[in-house]
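Here is what each chain is made of, one letter per residue.
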Amino acid sequence: MVAKEQAFGDFAASWKEAREAVSGLEEVDVSTGLLDAMAAKDKAELRNGKVAAVMTCAIMRKHLIPQLETIVDEETKITHSKVAEDLEELFDDPLKLASAWKAAAQIDRERVDMSYPPIIQSGGQYNLKPNAETTDEVLHYGTAESSGVILVSMGARYKSYCANLSRTILVNPTDGQRKSYEVLTKLREKLLELFVPGTRIGDVMVKAKEFIAAEAPELLPKFVKNCGSGMGIVFRERCFLITSKNDRTMRDGMTFNLSIGFDGLEVETDVSDEKAKTYALLLSDTVVVGETPDVVTKPSGVDPKDVIWETRDGDDDESDEDDDVIGAGAKKLAAKVDLSGKREAAVESAQENRKLNQEQIAAKQRKEAIARIKKMDEAAASSAKKKTPVSYESVAR
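Each chain carries its own residue numbering, running from 1 in the written order of its sequence. Selection of residues for local features in this predicted model requires a pLDDT of at least 70, selection of side-chain atom pairs for listing and counting requires 80 or more, and totals for whole chains, interfaces and linings are taken over all residues. Where side-chain values are given, they derive from all heavy atoms of the structure, hydrogens and water being excluded.

Visitor: What am I meant to see in helix α6 (residues 175–192) here?
Guide: Because each turn of an α-helix spans 3.6 residues, side chains separated by three or four positions in sequence point in the same direction. When the terminal C-alpha atoms of α6 are compared, their 26 Å separation across 18 residues agrees well with the 26 Å that a helix rising 1.5 Å per residue should span. Of the residues making up α6, those classed as buried are Q177, S180, Y181, V183, L184, T185, L187, R188, L191 and L192. Only DSSP runs of H or I covering at least 4 residues are called helices, and only runs of E covering at least 2 are called strands; the numbering of each starts at the N terminus. A helix's residues, less one, multiplied by 1.5 Å, set its expected span. Note on exposure labels: buried denotes an accessible area under 20% of the residue type's maximum, exposed denotes more than 50%, and partly exposed covers the range between, all computed with a 1.4 Å probe on protein chains only.

Here it is as structure tokens:
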């Protein structure tokens with residue numbers, strides 16, 4: 001039996017009735033055995049999972065990030081739930097999905113779904129667990145004096161196979177936030193090297209703690225309780241949970257959700273903004289085990305230049321107030337231009353995609369119209385040939 005799954009239907013009901021009629025049988029939960037048997041994916045399964053991961057990356061890079069840049073740039077007030085709803089609409093509308101991801105036209109869009117509802121978090125209240133929920137709080141990206149930390153998590157599902165991706169956006173971060181994020185990115189690179197056949201799953205967590213203890217021991221108590229899990233048709237394969245106690249080994253073709261982060265961190269500066277006093281950092285990736293680990297979500301970068309946004313001027317120079325004012329304005333304008341430039345590029349890309357789709361649709365319609373007209377002409381010609389002449393008698397007769 002599969003303990004946590006409830007069976008439905010006539011067959012399940014008749015089986016249950018027959019089972020209960022026989023005494024002395026021992027019920028055994030086969031969930032772990034089934035997950036273990038399905039852990040290493042074949043080529044078709046890996047392709048489905050990779051399609052889901054590539055789709056997730058594309059939506060993150062070409063839709064979500066530009067949207068957040070616009071929100072920060074224009075200082076828009078919007079709730080976490082509204083941002084998440086906009087993402088969900090992409091999965092419900094094939095045209096919107098196609099505008100965010102060119103390759104959408106090459107897949108079966110009827111088999112596209114979400115692994116889970118998108119999770120958007122900010123403003124000091126964070127939950128790094130996979131069952132976190134998006135709230136109706138207003139997105140917090142800092143103030144003139146404080147920083148903002150935004151966590152975004154999403155995952156597409158294609159033909160039932162899941163993917164996952166989480167990124168952290170830092171808006172005007174403090175030096176301490178930069179340092180903590182740098183530690184997390186370095187840790188990510190170290191751990192990704194371990195996803196090769198033969199690695200003991202528990203060693204990923206062991207190596208993670210060893211690295212943090214050596215690099216930034218003050219962050220160790222803030223580290224997540226596990227580093228993710230196996231992933232496939234089931235989003236969270238519990239028997240492949242990445243904890244120090246897991247003695248199972250990785251096999252070629254297994255897929256994992258590597259998820260690492262720090263929670264409950266405090267800014268090192270004194271700020272009046274209550275929502276900026278505590279923060280969290282989170283990075284999650286879809287990884288396929290192999291002699292060379294395949295980080296399928298790698299295109300969604302974690303480099304500081306991609307996720308650290310500066311929108312205000314630097315420190316004041318008291319020796320030259322006039323020059324400082326001009327410099328501050330220039331820096332702020334440069335920051336806005338940078339964000340706007342990225343947004344315009346994204347919009348232009350989306351417009352090009354829509355134009356291409358429209359041209360393809362128009363060409364198809366023209367081709368179909370020509371075929372219909374040709375068919376009508378041929379039918380008319382055929383009818384004219386077969387028509388029997390009618391002889392009319394003279395009235396004089």
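That shown, we press on.
Visitor: Sorry, what's going on with the sheet that holds strand β1 (residues 112–114) here?
Guide: Strand pairing in a sheet is mediated by backbone hydrogen bonds. Such pairs are either parallel or antiparallel. Reading across the sheet, the three strands line up as β1-β4-β5 and stay open at both edges, with antiparallel pairing between neighbours. Each edge of the open sheet carries a strand with a single partner, namely β1 and β5 (161–162). Residues are treated as being in contact if the distance between any of their heavy atoms lies within 4.5 Å. Between N-to-C directions, angles span 0 to 180 degrees; the directions come from axes that are lines fitted to C-alpha atoms, helices contributing only their stretch in contact. Helix α3 (residues 43–74) rests against β1, β4 (156–158) and β5 of the sheet, and its axis sits at about 150° to β4. Strand pairing is assigned whenever DSSP identifies at least 2 bridges connecting the two strands.

Visitor: It is not clear to me how the packing of α3 against helix α4 (residues 80–92) should be interpreted in this structure. Could you clarify?
Guide: Helix-helix packing is described using two parameters, namely the angle between the two axes and the distance between the axes. Axis separation between α3 and α4 bottoms out at 11 Å; the angle between their running directions is 145°. Read as a crossing pair, α3 and α4 show a hand that is right-handed. Side by side, α3 and α4 meet where M55, I59, H63, L64, Q67, L68 and I71 of the first sit next to V83, D86, L87, L90 and F91 of the second. As a working rule, the residues Ala, Val, Leu, Ile, Met, Phe, Trp, Tyr, Cys and Pro are called nonpolar, Asp, Glu, Lys and Arg charged, and the rest polar, with Gly in that last group. Of the residues assigned to the contact of α3 with α4, the class counts are nine nonpolar, two polar and one charged. Each helix crossing is assigned a hand: it is left-handed if the near helix lies turned anticlockwise from the far helix by less than a right angle, otherwise right-handed if that turn is clockwise.

Visitor: Would you take a moment to explain the pattern of salt bridges for this structure?
Guide: Pairing between side chains becomes possible if they bear opposite charge and their charged atoms approach one another. Only one rule defines a salt bridge in this text: a Lys or Arg side-chain nitrogen within 4 Å of an Asp or Glu carboxyl oxygen. Throughout the structure, instances matching the rule amount to twelve salt bridges. Close ionic contact of D86 with K82 constitutes a salt bridge, the shortest N to O distance being 2.7 Å. In this pair, D86 and K82 are both assigned in helix α4, four residues apart and thus about one turn of the helix distant. Residue classification places K82 among the partly exposed residues on the basis of a relative accessible area of 37%. Salt-bridge contacts for K186 lead to E182; the nearest nitrogen and oxygen are separated by 3.4 Å. With K186 and E182 both in helix α6 and four residues apart, the pair spans about one turn of that helix. Connected through shared salt-bridge partners, R167, R188, E189 and D285 make up one network.

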